[in-house]
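Working through the structure, step by step
Spelled out, the chains give:
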Amino acid sequence: MNAASAADTHFGFRTVPLGEKQRMVDEVFHSVARRYDLMNDLMSMGLHRVWKDLLVSRIRPPRSARPFALLDVAGGTGDVSFRTVEAGGAGTRATVADINGGMLAVGRERAAGLGLADRVEFVEANAEELPFPDRSFDATSIAFGIRNVPRMDKALAEMRRVLKPGGRCFVLEFSRVDVPVLDAIYDTYSFKLIPGMGRMVTGDAESYQYLVESIRRFPPPEAFAEMMRAAGLKRVDYTPLTGGIVALHSGVRI
Ligand code: SAM
């Protein structure tokens, strides 16, 4: 049996070489891109919309015409960006950065359908090496994305680097359910129902098996807050949502 090495990471419950994880994650999102939004609604029973709206209320885009630029990392099909520009005034713009061309293609079509193509830009980019200058965004966000990134520390450092001083970095991610009974129900739902739902809707149960496993592998909220501090972010805090199913983390670039 091979012992795990420092160059290993996790792909769901499997230990894999660090250099392999991104390719495996990319396969997951290429496979589910076309049905990703529908599956999100079904899996979360619509709750992902509530969580994203809460994120947008914390991003607080100005209602005036004041310029405001959001970078939504691992932004996939554009949900957080669309909600942010819709909540903001005429000066609010968003950039979706995602490593997966399939997810971005769906996002571009959605932007055109919503009439938001001139306010939301889509850029193919790796969260670990963002192709943007230092201090160029008013806020950075990543929703349900960071656990898929092999080197989370690099992604957090990049999200801090591109922030203007005083700007806030937000991470919305699945967390730890800490409500008795709800935890057992959530476990059964995740492991027994979601992969089957994934098979029915996307024809791909394995991708959804990875997604539920990767949620369990993600560090508990205090440990993740420590990673944000290590990336140089200040005034780091987090709010558990829906009994801890999800947590909204944030930190400021001073
Ligand atoms: N943020 C969107 C949302 O909330 O609907 C999409 C979240 S989806 C669960 C995860 C996204 O992370 C996918 O679109 C995937 O392509 C992207 N991703 C994975 N690894 C990445 C990386 N290294 N850099 C940028 N995006 C990445």
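Per an unreviewed UniProt entry, the protein chain is named Ubiquinone/menaquinone biosynthesis C-methyltransferase UbiE, and its organism is Ancylobacter mangrovi. Taken from UniProt, the Sequence similarities (unreviewed entry) comment for the protein chain reads in full: "Belongs to the class I-like SAM-binding methyltransferase superfamily. MenG/UbiE family." Regarding the protein chain, the UniProt comment filed under Function (unreviewed entry) reads as follows: "Methyltransferase required for the conversion of demethylmenaquinol (DMKH2) to menaquinol (MKH2) and the conversion of 2-polyprenyl-6-methoxy-1,4-benzoquinol (DDMQH2) to 2-polyprenyl-3-methyl-6-methoxy-1,4-benzoquinol (DMQH2)."

Here the focus is the environment of Ala-94. Counting through the fold element by element, Ala-94 comes out in strand 4 (residues 92–98). For Ala-94, a count of 29 C-beta atoms within 10 Å puts it in the buried group. Residues contacting Ala-94, with those up to four places away along its chain left out, are Leu-70, Asp-72, Ser-81, Thr-84, Val-85, Arg-119 and Val-120.

Attention shifts here to the UniProt feature "binding site: S-adenosyl-L-methionine" (unreviewed entry) in the protein chain. As annotated in UniProt, the feature "binding site: S-adenosyl-L-methionine" (unreviewed entry) corresponds to Thr-77, Asp-98, Asn-126 and Ala-127 in the numbering used here. Among the secondary structure elements, Asp-98 is positioned in strand 4. When neighbours within four sequence positions are excluded, Asp-98 is seen to be in contact with Ala-74, Gly-75, Gly-76, Met-103, Leu-104 and Glu-124. Secondary-structure assignment places Ala-127 in the loop between strand 5 (120–124) and strand 6 (137–143). Leave out the neighbours within four places in its chain, and Ala-127 touches Val-73, Ala-74, Val-149, Ala-155 and Glu-158.

Let's shift gears to the environment of Ala-74. Structurally, Ala-74 is set in the loop between strand 3 (68–73) and helix 4 (79–87). The spatial distance from the C-alpha of Ala-74 to the C-alpha of Val-96 is 7.2 Å, given a sequence separation of 22 residues. Apart from the residues within four sequence positions on either side, Ala-74 is in contact with Asp-98, Ala-127, Ile-142, Gly-145, Asn-148 and Val-149.

What follows covers the pairing of strand 4. Sheet faces and side chains relate simply in a regular strand, where the side chains alternate between the two faces. Taking burial as the measure, the seven residues of strand 4 include seven buried ones, the bulk of the element. Taking every second residue as pointing to the same face, both faces of strand 4 are buried, with Thr-92, Ala-94, Val-96 and Asp-98 on one and Arg-93, Thr-95 and Ala-97 on the other. Here strand 3 runs beside strand 4; their pairing, made up of six bridges, is parallel. When the sheet's bridge partners are listed, Val-73 is paired in strand 4 with Ala-97. Between strand 3 and its parallel partner strand 4, the chain crosses via helix 4, and the hand of that crossover is right-handed. As paired elements, strand 4 and strand 5 share five bridges and run parallel to each other. Bridged to Val-96 within strand 5 is Phe-122. Regarding topology, helix 5 (residues 101–114) serves as the crossover connection from strand 4 to the parallel strand 5, and that connection is right-handed.

In the vicinity of the ligand there are 20 residues, among which Ala-74, Gly-76, Asn-100, Ala-127 and Ala-143 approach most closely. No other element matches the three residues that helix 1 (residues 18–32) contributes to the shell around the ligand. Here the residues of the shell around the ligand are counted per class, giving ten nonpolar, seven polar and three charged.

Now for helix 7 (residues 182–202). The sharpest bend along helix 7 reaches about 40° and sits at Leu-193, with the proline Pro-195 one to four residues further on. Once helix 7 ends, the next one or two residues include Gly-203, with phi positive near 75°.

Turning next to the nonpolar core. Ranked by internal contacts, the top residues of the largest apolar core, which has 66 residues, are Leu-55, Val-73, Ala-155, Met-159, Phe-170 and Leu-172. Excluding residues within four positions of it along the chain, Leu-172 makes contact with Trp-51, Leu-55, Ala-143, Phe-144, Val-246 and Leu-248.

Thresholds applied
- Residues numbered from 1 in each chain as written.
- Predicted model: local features only at pLDDT ≥ 70, side-chain atom pairs only at ≥ 80, totals over all residues.
- UniProt positions renumbered as here; feature names shortened; annotations may be inferred.
- Helix = DSSP H or I, 4+ residues; strand = E, 2+ residues; numbered from the N terminus.
- Buried ≥ 20, exposed ≤ 12 C-beta atoms within 10 Å, placed from the backbone.
- Contact = placed C-beta atoms within 7 Å.
- Pairing = 2+ DSSP bridges.
- Right-handed = clockwise from strand over helix to strand, strands pointing away.
- Near = placed C-beta within 6 Å.
- Nonpolar A, V, L, I, M, F, W, Y, C, P; charged D, E, K, R; others polar.
- Bend = angle between axes of the 7 residues up to and from the residue.
- Core = buried A, V, L, I, M, F, W, Y, C linked by C-beta atoms within 7 Å.

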